[in-house]
Amino acid sequence: QVQVVESGGGLVQAGGSLRLSCTASGSTLTFSMGWYRQAPGSQRELVAGITSGGTTTYADSVKGRFTISRDNAKNTASLQMKSLKPEDTAVYYCNARLNTRYQSLTGYWGQGTQVTVSS
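Everything numeric here is computed off the predicted structure, so don't read it as measured data. (Residues numbered from 1 in each chain as written. Predicted model: local features only at pLDDT ≥ 70, side-chain atom pairs only at ≥ 80, totals over all residues. Heavy atoms only, no water.)

(A) Broad picture of the overall build of the protein. Looking only at helices and strands, one finds 0 helices and 11 strands in the protein. Each helix and strand of the protein, placed in order from N terminus to C terminus, yields the pattern β-β-β-β-β-β-β-β-β-β-β. Relative to the compact-globule value of 14 Å for 119 residues, the protein shows a C-alpha radius of gyration of 13 Å, a close match. When its C-alpha atoms are laid out on the principal axes, the protein stretches across 45 × 25 × 25 Å. By the burial criterion, 42% of the 119 residues in the protein qualify as buried. Sequence separation of at least 24 residues holds for 57% of the intrachain contacts in the protein that already meet a minimum separation of 6. Computed over 11 positive and 6 negative side-chain charges, the inter-centroid distance for the protein is 5 Å. (Helix = DSSP H or I, 4+ residues; strand = E, 2+ residues; numbered from the N terminus. Rg over C-alpha atoms; globule rule 2.2 N^0.38 Å. Buried < 20%, exposed > 50% of the residue type's maximum accessible area, 1.4 Å probe, protein only. Contact = heavy atoms within 4.5 Å. Lys, Arg positive; Asp, Glu negative; His and termini not counted. Charge placed at Lys NZ, Arg CZ, Asp CG, Glu CD.)

(B) Region of interest: the environment of Tyr 102. Along the chain, Tyr 102 turns up in the loop between β9 (90-97) and β10 (108-109). Along the backbone, Tyr 102 and Leu 29 are 73 residues apart, and their C-alpha atoms lie at a distance of 18 Å. Ignoring anything within four residues of it in the chain, the contact list for Tyr 102 reads Ser 32, Met 33, Tyr 36, Leu 46, Gly 49, Ile 50, Thr 51, Thr 57 and Arg 97.

(C) Quick look at the packing of aromatic side chains. A full pass over the atoms with the stated rule returns 3 aromatic pairs. Seen in terms of ring centroids, Tyr 36 and Trp 109 are 4.9 Å apart; in terms of plane orientation they differ by 65°. Their pairing is edge-to-face. Of this pair, Tyr 36 sits in strand β4 (residues 32-38) while Trp 109 sits in strand β10, and the two are 73 residues apart along the sequence. Judged by relative accessible area, Tyr 36 falls into the buried class, the value being 0%. Judged by its relative accessible area of 25%, Trp 109 is partly exposed. For the pair Tyr 93 and Trp 109, a centre-to-centre distance of 6.5 Å together with 85° between the ring planes defines the contact as edge-to-face. In this pair, Tyr 93 sits in strand β9 while Trp 109 sits in strand β10, placing the two residues 16 residues apart along the sequence. (Phe/Tyr/Trp six-rings, centres within 6.5 Å; stacked < 30°, edge-to-face > 60°.)

(D) How the structure looks around the state of the cysteines. Applying the stated rule across the entire model yields 1 disulfide. Two residues share a disulfide in this structure: Cys 22 and Cys 94, whose sulfurs sit 2.0 Å from each other. As the torsion about the S-S bond is roughly -80°, the Cys 22-Cys 94 disulfide counts as left-handed. On the criterion of sequence distance, the pair formed by Cys 22 in strand β3 (residues 18-25) and Cys 94 in strand β9 is long-range, its members being 72 residues apart. For Cys 22, a relative accessible area of 2% corresponds to the buried category. (Disulfide = S-S within 2.5 Å.)

(E) Molecular detail of the sheet that holds strand β7 (residues 66-71). If you walk across this open sheet you meet the 4 strands as β1-β3-β8-β7, and the pairing is antiparallel. Strand pairing shows two members of the sheet lacking a second neighbour, β1 (3-8) and β7, which therefore form its edges. Recorded for the sheet is a direction-independent mean angle of 15° between the axes of neighbouring strands. Inspection of the sheet shows β1 paired to β3 by 6 bridges, in the antiparallel sense. Bridge pairing links Glu 6 to Cys 22 in β3. (Pairing = 2+ DSSP bridges. Axes fitted to C-alpha atoms, helices over the stretch in contact; angles between N-to-C directions.)

Here it is, written out as structure tokens:
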């Protein structure tokens, strides 16, 4: 049984920084990892993804501000968020998957962590 657990998140002022962390456990497989977010009334969207080989992909809205990284040995992934904006406010979800079709909402999901950016 694969479990995905996130940590981090919280309340920050616009222009500030936050770091989210995620661990996928319960499997010997190495997953591609991704961070998604969902704001009220909106669909869940990809923020950033990273393959086991370190290839990254980012939403246009976060390029240059967010950085995704991972530790394959621990099946962990982190999302460093800088220059946060009020529009970054959302519940952020970590995802572990065995493919890189990030636009499909499949794989294993964490419970979500709230990020709130005040103006």
